[in-house]
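Survey of secondary and tertiary structure
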Amino acid sequence: EKSWVRLVTAQTPTNIAVIKYWGKRDETLILPINDSLSVTLDPNHLCTTTTVAVSPAFHQDRMWLNGKEISLAGDRFQNCLREIRKRANDVEEEEKGIKIAKKDWENLHVHIASYNNFPTAAGLASSAAGLACLVFSLAKLMNLKEDQAQLSAIARQGSGSACRSLHGGFVKWIMGNNDDGSDSFAVQVTDEKHWDDLVILIAVVSSRQKETSSTSGMRESVETSLLLKHRAQEIVPKRMIQMEEAIKNKDFPSFARLACADSNQFHATCLDTTPPIFYMNDTSHKIISIVEKWNRAETTPQVAYTFDAGPNAVLIARDRKTASLLLRRMLFHFPPGADVDLNSYVLGDKSILQ
Ligand code: PMV
């Protein structure tokens, strides 16, 4: 029998939440306790590139991350693979003599090679880009007919925040009400061109201690924090409406106020967890002070900050001029060699600050 290989390559950027997802109501399906909203970064930065291959010569599903083989045995990978295989369709590549019928997919195996263009160990969310890219490339390989929102619901089952990386620009993950997760997916709020004056600066802050994983952190917060319950039920629903308004109107003062407040409340719920979880460190706190002081000294906010489950700061400047000022201020407070490493990323396809 003549052997063949069908290959697909895709690239997916990571995303940064400005209204945070924290807490699951269903851990298997990954259903959140509140909506969340994020910005997807420029695909030239912080992205995952994944090549998937299928061939009758493959005898098992295998995956390599940055050139090193990793196990696909975990439930999250398996759930994604199963959901994609279920939806696979006929594929025909005449020039290569490839003909795969819908029913063949259950007996064919895939090889997956994934690369992050940023250090995995830097504590920058890599699972979002990684799982989104895995789902997107496999969906292309197996000729799925589902749209981005439907694919996002599959990526969600690999890593919650991954569902938001299936779209560019500003994206919201609607928590949904159903128990089966059918209405919990991501939709685009505005595209990547809508607010492209924004400049995102990521300050990689070194941390000594190992952080609590988001999975166990969320579980502990859901079980013990009353503040989290209040946040999910009372605060986030209102904030989502205000944040969407701010983004649609390119209203930077409201955007900054909401993003900073939401990051701080997420970290407050971590502190309200028993035992308390500390993701930010002294350097993170110092960065918050610098930005808060600057914003208060101006008539209107210039920079927003947000921190995920780690000490790194994501700083969003209102425009390029502010971004270059911000970079200079950061370099003044944290000179090269200090415990902060500055990288900059933009929403549009521009490179800044050079
Ligand atoms: O999808 P996870 O399990 O990596 O959780 C991400 C949680 C935060 O990054 C802290 C917030 C968010 O909405 O991305």
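Only a predicted model underlies this, so the values are computations on that prediction, with no experimental measurement involved.

**Focus: the site of the ligand**
Around the ligand sit 14 residues, and of these Ala-17, Tyr-21, Ser-161, Arg-164 and Ser-214 come closest. The contact in question runs from an oxygen atom of the ligand to an N or O atom on the backbone of Tyr-21, over 2.9 Å. In this structure, an oxygen atom belonging to the ligand sits 3.3 Å away from a side-chain N or O atom of Ser-159. For the ligand, whose unbound accessible area comes to 380 Å², protein coverage reaches 92%. Looking at the shell around the ligand residue by residue, the classes come out as 6 nonpolar, 5 polar and 3 charged.

**Description of the pairing of strand β5 (residues 36-40)**
By the criterion of burial, β5 is predominantly enclosed, with 5 of the 5 residues buried. Relative to β5, strand β2 (residues 15-19) runs antiparallel, the two sharing 4 bridges. Note that in β5 the partner of Ile-19 across the bridge is Leu-37. Where β5 lies against strand β12 (residues 170-174), 4 bridges are found, and the strand directions are antiparallel. Note that in β12 the partner of Leu-37 across the bridge is Lys-172.

**A word on the sheet that holds β2**
Strand order across the open sheet formed by 4 strands is β2-β5-β12-β13, with antiparallel pairing between neighbours. The two strands at the open ends of the sheet, each matched to only one other strand, are β2 and β13 (185-190). Taken over all neighbouring pairs, the strand axes of this sheet differ in orientation by 35° on average, direction set aside. This element, helix α6 (residues 252-271), spans β2 and β12 of the sheet and lies at about 95° to β2.

**Here we look at the sheet that holds strand β7 (residues 62-65)**
Within a sheet, each strand pairs with its neighbour through backbone hydrogen bonds, oriented either parallel or antiparallel. The strand order across the open sheet formed by 5 strands is β1-β6-β11-β7-β8, and the pairing between neighbours is mixed. Sheet topology places β1 (6-13) and β8 (68-70) at the edges, where each strand pairs with a single neighbour. Neighbouring strand axes in the sheet, compared pairwise and without regard to direction, differ in orientation by 25° on average. Relative to strand β11 (residues 109-116), strand β6 (residues 47-55) runs antiparallel, the two sharing 8 bridges.

**Remarks on the domain arrangement of the chain**
When its domains are assigned, the chain resolves into domain 1 (6-190) and domain 2 (199-346). The straight-line distance from the C-alpha centre of domain 1 to that of domain 2 is 26 Å. Of the residues lining the interface, 28 residues belong to domain 1; the matching set on domain 2 comes to 39 residues. Carbon and sulfur atoms supply 72% of the area that domain 1 and domain 2 bury against each other, a total of about 2900 Å² over both sides. The largest per-residue losses of area from domain 1 upon contact with domain 2 belong to Ile-19, Lys-20 and Trp-22, which jointly make up 29% of the total buried on that side. Between Arg-219 and Glu-27 there is a salt bridge; the shortest N-O distance is 2.9 Å. There are 9 residue pairs in polar contact (both at pLDDT 80 or more) connecting domain 1 and domain 2. Of all the elements in the fold, those that place two or more residues in the side of domain 1 that touches domain 2 are β2, β5, β12 and β13. Broken down by element, the residue count for the side of domain 1 that touches domain 2 peaks at 4 residues, all from β2.

Rules of the game
- Residues numbered from 1 in each chain as written.
- Predicted model: local features only at pLDDT ≥ 70, side-chain atom pairs only at ≥ 80, totals over all residues.
- Heavy atoms only, no water.
- Near = heavy atom within 4 Å.
- Polar contact = N/O pair within 3.5 Å; in protein donor to acceptor, adjacent residues only side chain to side chain.
- Areas by Shrake-Rupley, 256 points an atom, 1.4 Å probe, with all protein chains shown as cover.
- Nonpolar A, V, L, I, M, F, W, Y, C, P; charged D, E, K, R; others polar.
- Buried < 20%, exposed > 50% of the residue type's maximum accessible area, 1.4 Å probe, protein only.
- Helix = DSSP H or I, 4+ residues; strand = E, 2+ residues; numbered from the N terminus.
- Pairing = 2+ DSSP bridges.
- Axes fitted to C-alpha atoms, helices over the stretch in contact; angles between N-to-C directions.
- Contact = heavy atoms within 4.5 Å.
- Domains from an automatic or database assignment.
- Buried area = accessible area lost by both parts, 1.4 Å probe.
- Salt bridge = Lys/Arg side-chain N within 4 Å of Asp/Glu carboxyl O.

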